[in-house]
Amino acid sequence: MVVTASAPGKLMLLGDHAVVYDHPCIVTAVDLRYSVSIEVTNNDEIKIKVPVHGIENNFSVKVEKIGTSNTKETSFVEAAISAIYKKYGVTKGLAVTTNGPKISYGLGSSSAVTVATVRALSQVFNLNLTSKEIFELSYQAVLDVQGKGSGFDVAAAVFGGTIYYAGKGKHIEPLQHEDIPLVICYSGEKVGTVNLVKQVYELKQRRPNIVDSVFEIMHRLVDRAREALLNSDWDTVGELANIHQGLLDALGVNAPKLSELVFSARKGGALGAKLSGAGGGDCIFALYSGNNKDMISSSLLKANGEIIDIKTGARGVYIASVS
Ligand code: PMV
């Protein structure tokens, strides 16, 4: 029996960095999906295929050594398996295959793959894990690999939709609303989140009062944006996004390319635009109104941005097939 689970990526809307310090953020799941297929085998090995990264038949690890291979492409899958195996005392061999877009644009491939692995294993071993349990195990697995992170991306992959998230998962509130009118644009530069989180941590060590004040304002922006989102008040969300962009710049995580894209989107008529996530690169998003989506897109294309045409508010993890 092969079980396949599918989980969405994510786009951070507001609250980036502040959420690491337990302030809230708003994140939406995006329809850039990752799947993990798992079959139990009769040996003591875990074989993992990651075709998009050229790992076909050459990766296998003994069950008792799972999570220790230090292979970048398999690290999140291994950590997810290890978390489940430790907690539930599983010792079976597995054949695992992951699939998804080759380029992830910083839109949450690691969290999606981790969550899909946990969900598939829950099915394979009849663990009947609740969404909250899938979240906890997946978040632990992500922390095991990267050491830091608020877990907002894991929550988006588990629950889907658009979420108000705080307190490392203590507060997860789905925000019901119509589609968010967004243009998402990739800067062409992929960055590592961990270094930027560390950079902000160091700034906070040097200037605790100032950085805490910045986080407090972000907190207020997120709370106000939550209300605006619930009312589909896109003018307000756009204006709050612009203010938030300035605060991320103040924290030192903006980059020239991101600024160029943000200003291009605004020039094209966006209600607001900001970077999404850790900063340094990855994506920006812009809110459009009426029929100015194409104007914003062409302005971004002129600035050499890559438009990522994906839906927001995507469905959380689910079992895609059992065969
Ligand atoms: O760069 P991304 O998309 O992984 O987002 C990071 C967001 C941070 O708030 C900077 C870190 C976190 O774990 O919340």
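Since this is a predicted model, take the numbers as computed values, not measurements.

1. Here's the deal with the packing of helix α6 (residues 208-230) against helix α7 (residues 234-250)
Reasoning step 1: In contact at an axis separation of 9 Å, α6 and α7 are set at 165 degrees when each is read in the N-to-C sense. Relative to α7, α6 is oriented roughly antiparallel. Relative to α7, α6 is oriented so that their crossing is left-handed. Contacts between α6 and α7 pair Val214, Ile217, Met218, Leu221, Arg224, Ala225, Ala228 and Leu229 from the former with Trp234, Thr236, Val237, Leu240, Ile243, His244, Leu247 and Leu248 from the latter.
Reasoning step 2: When the residues that make up the contact of α6 with α7 are grouped by side-chain class, the tally is 13 nonpolar, two polar and one charged.

2. Examining the pattern of salt bridges
Reasoning step 1: Under the definition given, this model contains 13 salt bridges.
Reasoning step 2: Between arginine 224 and glutamate 227 there is a salt bridge; the shortest N-O distance is 3.8 Å. Of this pair, arginine 224 and glutamate 227 both sit in helix α6, three residues apart, which is roughly one turn of the helix.
Reasoning step 3: By relative accessible area, arginine 224 is classed as partly exposed at 34%.

3. Focus on the packing of aromatic side chains
Reasoning step 1: Taken as a whole and judged by the stated rule, the model has five aromatic pairs.
Reasoning step 2: With a centroid separation of 5.6 Å and an interplanar angle of 40 degrees, the aromatic rings of phenylalanine 135 and tyrosine 139 are classed as tilted. With phenylalanine 135 and tyrosine 139 both in helix α3 (residues 131-146) and four residues apart, this pair spans about one turn of that helix. Like phenylalanine 135, the residue tyrosine 139 is buried in the burial classification.
Reasoning step 3: One aromatic cluster is present, built from ring pairs that chain together Phe135, Tyr139 and Tyr165.
Reasoning step 4: The ring of tyrosine 21 carries the charged tip of lysine 204 above its face, separated from the ring centre by 5.1 Å.
Reasoning step 5: The side chain of arginine 315 reaches across the aromatic face of tyrosine 318, ending 3.9 Å from its centre.

4. Focus: the side chain of threonine 28
Reasoning step 1: Relative to the elements of secondary structure, threonine 28 occurs in strand β2 (residues 25-41).
Reasoning step 2: A relative accessible area of 0% means that threonine 28 is categorised as buried.
Reasoning step 3: A distance of 2.9 Å separates the side chain of threonine 28 from the side chain of threonine 162, its partner in a polar contact.
Reasoning step 4: Apart from residues lying up to four places away in sequence, threonine 28 is in contact with Gly9, Lys10, Leu11, Leu13, Gly161, Thr162, Ile180, Thr312 and Gly313.

5. Regarding the site of the ligand
Reasoning step 1: What surrounds the ligand is a group of 14 residues, the closest being Lys10, His17, Ser150, Thr193 and Ala278.
Reasoning step 2: Note that an oxygen atom of the ligand is positioned 2.9 Å from one of the backbone N or O atoms of histidine 17.
Reasoning step 3: For the ligand, an oxygen atom lies 3.0 Å from a polar atom in the side chain of threonine 193.
Reasoning step 4: Across the complex, the protein chains shield 94% of the 380 Å² of accessible surface that the ligand would expose by itself.
Reasoning step 5: For the shell around the ligand, the secondary structure elements donating two or more residues are β1 (3-14) and α5 (193-206).
Reasoning step 6: Looking at side-chain class alone, the shell around the ligand contains six nonpolar, six polar and two charged residues.

6. Comments concerning the sheet that holds strand β11 (residues 306-307)
Reasoning step 1: Judged by pairing direction, the sheet is antiparallel, and its four strands sit side by side in the order β9-β10-β8-β11 without closing on themselves. In this open sheet, the two edge strands, each paired with only one partner strand, are β9 (272-276) and β11.
Reasoning step 2: Pairing analysis gives five bridges linking strand β8 (residues 182-186) to strand β10 (residues 283-287), with the strands arranged antiparallel. What sits directly across from valine 183, in β10, is alanine 286.

7. A look at the pairing of β2
Reasoning step 1: Most of β2 sits inside the fold, with 13 of its 17 residues counted as buried.
Reasoning step 2: Taken together, the 11 bridges between β1 and β2 define a ladder with antiparallel strand orientation. Within the sheet, the bridge partner assigned to methionine 12 lies in β2 and is valine 27.
Reasoning step 3: Bridge count between β2 and strand β6 (residues 162-166): four bridges; the pairing is antiparallel. Looking across to β6, one finds that valine 27 is bridged to isoleucine 163.
Reasoning step 4: The pairing of β2 with strand β5 (residues 93-99) spans seven bridges and is classified as antiparallel. Paired with valine 40 across the bridge in β5 is leucine 94.

Analysis parameters
Residues numbered from 1 in each chain as written. Predicted model: local features only at pLDDT ≥ 70, side-chain atom pairs only at ≥ 80, totals over all residues. Heavy atoms only, no water. Axes fitted to C-alpha atoms, helices over the stretch in contact; angles between N-to-C directions. Helix = DSSP H or I, 4+ residues; strand = E, 2+ residues; numbered from the N terminus. Parallel < 35°, antiparallel > 145°, perpendicular 65-115°, else oblique. Left-handed = near helix turned anticlockwise from the far one by under 90°. Contact = heavy atoms within 4.5 Å. Nonpolar A, V, L, I, M, F, W, Y, C, P; charged D, E, K, R; others polar. Salt bridge = Lys/Arg side-chain N within 4 Å of Asp/Glu carboxyl O. Buried < 20%, exposed > 50% of the residue type's maximum accessible area, 1.4 Å probe, protein only. Phe/Tyr/Trp six-rings, centres within 6.5 Å; stacked < 30°, edge-to-face > 60°. Lys NZ or Arg CZ within 6 Å of the ring centre and 35° of its normal. Polar contact = N/O pair within 3.5 Å; in protein donor to acceptor, adjacent residues only side chain to side chain. Near = heavy atom within 4 Å. Areas by Shrake-Rupley, 256 points an atom, 1.4 Å probe, with all protein chains shown as cover. Pairing = 2+ DSSP bridges.

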